[in-house]
Amino acid sequence: MGKSKLDRSRLMEALIKELKARGLRVGALKHHKHGDFEIDIQGKDTWKYAKAGADTVAISSSVKLAVIKNVEGEMELGDLCDKYFADNDLVLADGFALSGKPRIIIADSDEDIDIFKRGCCVVAVVGRAGIELDDIDGIANRILQDFCLSN
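What comes next is a walk through the structure.

Cut-offs used in this document
- Residues numbered from 1 in each chain as written.
- Predicted model: local features only at pLDDT ≥ 70, side-chain atom pairs only at ≥ 80, totals over all residues.
- Heavy atoms only, no water.
- Helix = DSSP H or I, 4+ residues; strand = E, 2+ residues; numbered from the N terminus.
- Buried < 20%, exposed > 50% of the residue type's maximum accessible area, 1.4 Å probe, protein only.
- Areas by Shrake-Rupley, 256 points an atom, 1.4 Å probe, with all protein chains shown as cover.
- Lys, Arg positive; Asp, Glu negative; His and termini not counted.
- Charge placed at Lys NZ, Arg CZ, Asp CG, Glu CD.
- Disulfide = S-S within 2.5 Å.
- Patch = residues over 30% accessible without salt bridge, like charges linked within 9 Å, V, L, I, M, F, W, Y side chains within 5 Å.
- Salt bridge = Lys/Arg side-chain N within 4 Å of Asp/Glu carboxyl O.

1. Brief notes about the overall build of the protein chain
Thinking step 1. When you go through the protein chain residue by residue, the secondary structure sums to five helices and six strands.
Thinking step 2. The order of α-helices and β-strands along the protein chain, N terminus first, is α-β-α-β-β-α-β-β-α-β-α.
Thinking step 3. Along the first, second and third principal axes, the C-alpha set of the protein chain runs to 50 × 35 × 25 Å.
Thinking step 4. Burial status across the protein chain gives 33% buried among its 151 residues.
Thinking step 5. Carbon and sulfur atoms make up 50% of the accessible area of the protein chain, which totals about 9900 Å².
Thinking step 6. Measuring between centres, the 22 positive side-chain charges of the protein chain sit 3 Å from its 26 negative side-chain charges.

Written out as structure tokens, the structure is:
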């Protein structure tokens, strides 16, 4: 999406809230490019199971499901969406700069746009080179128009 992690996170959070308010089921997917990560607290059962060598660890409650699965290589964005987000109307993904999926680019200049466009469909350019970062309504409208989603 763009260079600024803070801007990306703020935009993702605001778009999730806006699109949810419009009645959509919204998925959020974060790409963690630094390898291993933990989603549970050290010392808790799921952490212990993963550390013991389980290939897949899941935790489920009446309101949340999280899955940790060891993989041989990165899954493609489309495969992740198909497998884990099929019940969502829309998936917002942060950090999948190498995917060919449509994107919102946060850019300060035309050079930034070129860096992140990479031949993909651009839904919106946000920041100094495009729509104001705080125009969440306008950005959400662009998303809904491009993907023919009604609210």
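2. Some details on the state of the cysteines
Thinking step 1. Considering all chains together, one arrives at zero disulfides under this definition.
Thinking step 2. Just so you know, cysteine 81 is unpaired, no disulfide at all, and the nearest cysteine sulfur is the one on cysteine 120, 14 Å from it.
Thinking step 3. Note on cysteine 81: relative accessible area 19%, which makes it buried.
Thinking step 4. We note that cysteine 120 lacks a disulfide partner, and the nearest cysteine sulfur, in cysteine 121, lies 8.4 Å from it.

3. Thoughts on a nonpolar patch on the surface
Thinking step 1. Together, Leu65, Val67, Val71, Met75 and Tyr84 make up a nonpolar patch on the protein surface, roughly 440 Å² of accessible area in all.
Thinking step 2. Among the structural elements, leucine 65 can be located in strand β3 (residues 65-69).

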